[in-house]
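# Observations on the three-dimensional arrangement
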Amino acid sequence: MTATTVGRPLTIEEYAPLARARLPEATWHYFEGGAGTESTVEANRAAFRRVRIRPRVLSDVSHCDTSTTILGEPASAPLGVAPMAYHELACEEGEVATVRAAGELRVPTVVGIFASRSFERIAEHATGPVWLQLYWLHRRGVLERVVRRAEDAGFRALVLTVDTPRLGRRLREARHGFHLPPHITAPNLDGEVTGFLHEHEDGSSALSRHADAFIDPSLNWSDLDWLRSRTRLPIVLKGVLSAADAARAADLGVDALIVSNHGGRQLDGASATLDALPDVVRAVAGRCPVFLDGGVRGGTDVLKALAAGARAVFVGRPVLWGLAAAGEAGARDVLTLLRDELEDAMALAGCPSLDSLTPDLLDRGAAAVAPAASYDESPEGRR
Ligand SMILES: Cc1cc2nc3c(=O)[nH]c(=O)nc-3n(C[C@H](O)[C@H](O)[C@H](O)COP(=O)(O)O)c2cc1C
Ligand SMILES: CCCCC(=O)C(=O)O
């Protein structure tokens, strides 16, 4: 992939060099890096490259409709912004810029518990659905207050990240002694869990020290009851790759799953998300929607994930690239490119509607993906 030197980026990946040019080196490596050898970062992309499409023909594609519903709310495309800590690292307006961009496309934004703007301020600017991502904090009282505040501010769902009992070994962060500049904070945590963040130490990441101190690795299935009893919002589990875990989560009545390996930032060697998706979809058997994130960089990636059974996909790093390159307009452009490319891919694959994205569209992978077990969002289909 080569970068354009003039004009507006024509692909999402062309935003990466523009972002890099504007970011401090250590921040760039924090965004881009994965755990260990980064084999899972690469695997996410390789899986999308490997699976190919068998287009249908003669199917009248004069109108291709990317619109859908995500957790019951209308969206202009089956897309959302994955939770990422501290958007202010990418641009001054932080998460405010992100929700405004996503709102224009009417797609959900998952705001991180480590957001750099208050939930109330984010909600004030949001024109699309906003969900809140949670880490399982040792301090359950803080967690409870966070949930209450997000509910009061009008957030629509909770996303509990389950792949992070501790942070993965992010070697790039350690090498660059990554830490937050003093003006960037986590205002939703009342200063209660922000120790270490700003302390530079060679050979270690401040974020990793911070996570180790505040994230409770004892999180287990029985804790889901605690969360359920404290919220009326839908609960989404993020970071599921195993069919057995997916089946158990569906048995327990979670409202959705995100097949994710945290963008390759947690267990190095974890499966690519597109490879894990079919087994998860099969195990869930239509009991809740299944989403995917990790390595989505273009419209054909979205098409492949949906054909393999995802209800929608979430995008991580590319949104930060857009924010870093051009603030709100950049994030909006990244999401718009993705939606436009999906529409284009649907036309050329002979699929005028998202319903027509079925496993038989996928070439070699067709045998491995689930039969039509995708989730039905119609009132009759929802529990
Ligand atoms: C800089 C950065 C920060 C992230 N912070 C969080 C976080 O706070 N909580 C979380 O659940 N996932 C976090 N993630 C993971 C993303 O939600 C998502 O799983 C991943 O980025 C998707 O892969 P992609 O970047 O290839 O699209 C982060 C990812 C990045 C790149
Ligand atoms: C303690 C913040 C962790 C952010 C995160 O999840 C990531 O960088 O991947």
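All of the points below concern the structure found in this document. Just so it is clear, the structure is predicted and the values come from calculations on it, not from any experiment.

Definitions and limits used
Residues numbered from 1 in each chain as written. Chains lettered and ligands numbered in written order. Predicted model: local features only at pLDDT ≥ 70, side-chain atom pairs only at ≥ 80, totals over all residues. Heavy atoms only, no water. Phe/Tyr/Trp six-rings, centres within 6.5 Å; stacked < 30°, edge-to-face > 60°. Helix = DSSP H or I, 4+ residues; strand = E, 2+ residues; numbered from the N terminus. Buried < 20%, exposed > 50% of the residue type's maximum accessible area, 1.4 Å probe, protein only. Lys NZ or Arg CZ within 6 Å of the ring centre and 35° of its normal. Axes fitted to C-alpha atoms, helices over the stretch in contact; angles between N-to-C directions. Parallel < 35°, antiparallel > 145°, perpendicular 65-115°, else oblique. Contact = heavy atoms within 4.5 Å. Nonpolar A, V, L, I, M, F, W, Y, C, P; charged D, E, K, R; others polar. Near = heavy atom within 4 Å. Polar contact = N/O pair within 3.5 Å; in protein donor to acceptor, adjacent residues only side chain to side chain. Areas by Shrake-Rupley, 256 points an atom, 1.4 Å probe, with all protein chains shown as cover. 1 Å grid on protein atoms, 1.4 Å probe; cavity = no way out; pocket = protein on both sides within 12 Å on 5 of 7 lines; lining within 4 Å. Sits in = over half its atoms within 2 Å of the grid points. Points joined across faces, edges and corners; volume = space filled by probe spheres on them. Pairing = 2+ DSSP bridges. Right-handed = clockwise from strand over helix to strand, strands pointing away. Core = buried A, V, L, I, M, F, W, Y, C linked by side-chain atoms within 4.5 Å.

### So, the packing of aromatic side chains
Inspection of every chain in the model, using the stated rule, returns 9 aromatic pairs. With a centroid separation of 4.5 Å and 10° between ring planes, the pair formed by Tyr30 and Phe178 is classed as stacked. Note that Tyr30 is positioned in helix 2 (residues 25–32) and Phe178 in the loop between helix 7 (171–175) and helix 8 (206–214), a separation of 148 residues in sequence. Taking relative accessible area as the criterion, Phe178 reaches 1% and is therefore assigned buried. Both rings, one in Trp131 and one in Phe314, keep their centres 5.6 Å apart while their planes meet at 50°; by these two values the pair is tilted. Here Trp131 is found in strand 5 (residues 130–134), whereas its partner Phe314 is found in strand 10 (residues 312–315), with 183 residues between them in sequence. The class for Phe314 is buried, based on a relative accessible area of 2%. One aromatic cluster is present, built from ring pairs that chain together Tyr30, Phe31 and Phe178. Positioned above the aromatic ring of Tyr30, the side-chain terminus of Arg265 is 4.9 Å from the ring centre.

### Some points on the packing of helix 2 against helix 13 (residues 317–348)
Put simply, helix 2 and helix 13 touch, their axes get as near as 10 Å, and they point 155° apart. Relative to helix 13, the element helix 2 lies roughly antiparallel. Residues Trp28, Phe31 and Glu32 of helix 2 touch helix 13, and the partners they reach there are Arg317, Leu320 and Trp321. Here the contact of helix 2 with helix 13 is composed, by residue class, of 4 nonpolar, no polar and 2 charged.

### Comments concerning the site of ligand 2
In the vicinity of ligand 2, the contacting residues are Tyr30, Ala85, Phe114, Tyr135, Leu167, Arg170, Leu207, His210, His262 and Arg265. In the environment of ligand 2, an oxygen atom lies 2.4 Å from a nitrogen or oxygen atom belonging to the side chain of Tyr135. Starting from 290 Å² of accessible surface for ligand 2 in isolation, the protein chains cover 95%. Structurally, ligand 2 is housed in the largest cavity. Split into classes, the residues belonging to the shell around ligand 2 amount to 6 nonpolar, 2 polar and 2 charged.

### Topic: empty space enclosed by the protein
Taken as a whole, this structure holds 1 cavity of 30 Å³ or more when the rule is applied. In this structure, the largest cavity occupies an estimated 500 Å³ of space. Contributions of two or more residues to the lining of the largest cavity are made by helix 2, helix 8, strand 10 and helix 13.

### Observations concerning unusual backbone geometry
Of note, His262 is a non-glycine position whose phi angle comes to about 65°, a positive value. Here His262 lies in the loop between strand 8 (256–259) and helix 11 (273–284). One non-glycine residue with positive phi stands out, namely Ala285, at about 50°. In this fold, Ala285 is placed in the loop between helix 11 and strand 9 (290–293). For Ala285, a relative accessible area of 48% translates into the label partly exposed.

### Remarks on the pairing of strand 5
Most of strand 5 is tucked away, with 5 of its 5 residues classed as buried. Here strand 5 shows two buried faces, one formed by Val130, Leu132 and Leu134 and the other by Trp131 and Gln133. Direction of pairing for strand 4 (residues 109–111) relative to strand 5: parallel, over a ladder of 3 bridges. Paired with Val111 across the bridge in strand 5 is Leu132. Each parallel crossover has a hand, and the one from strand 4 via helix 5 (residues 119–125) to strand 5 is right-handed. Sheet topology places strand 5 next to strand 6 (residues 157–161); 4 bridges connect them, and they run parallel. Paired with Leu134 across the bridge in strand 6 is Leu160. Handedness of the crossover joining strand 5 and strand 6 through helix 6 (residues 140–153) is recorded here as right-handed.

### Re the site of ligand 1
As a structural note, the neighbourhood of ligand 1 is formed by 22 residues, with Pro83, Thr161, Asp293, Gly295 and Arg297 the closest of them. About the coverage of ligand 1: the protein hides 98% of its 610 Å² of free accessible area. Most atoms of ligand 1, that is more than half of them, are within 2 Å of grid points of the largest cavity. At the level of elements, helix 2 and helix 13 are the ones that each hand at least two residues to the shell around ligand 1. Broken down by class, the residue content of the shell around ligand 1 amounts to 9 nonpolar, 8 polar and 5 charged.

### Structural notes on the nonpolar core
In terms of nonpolar packing, the biggest core is built from 109 residues, with Tyr86, Ile113, Leu134, Leu237, Leu257 and Leu277 touching the most fellow members. Take this core: its biggest share by element is 14 residues, from helix 13. Each residue touching Leu277, except ones within four places of it in the same chain, is listed here: Val259, Val290, Leu292, Ala305, Ala308, Gly309 and Ala310. Membership of the second largest hydrophobic core comes to 14 residues, among which are Leu71, Val236, Ile258 and Ala312.

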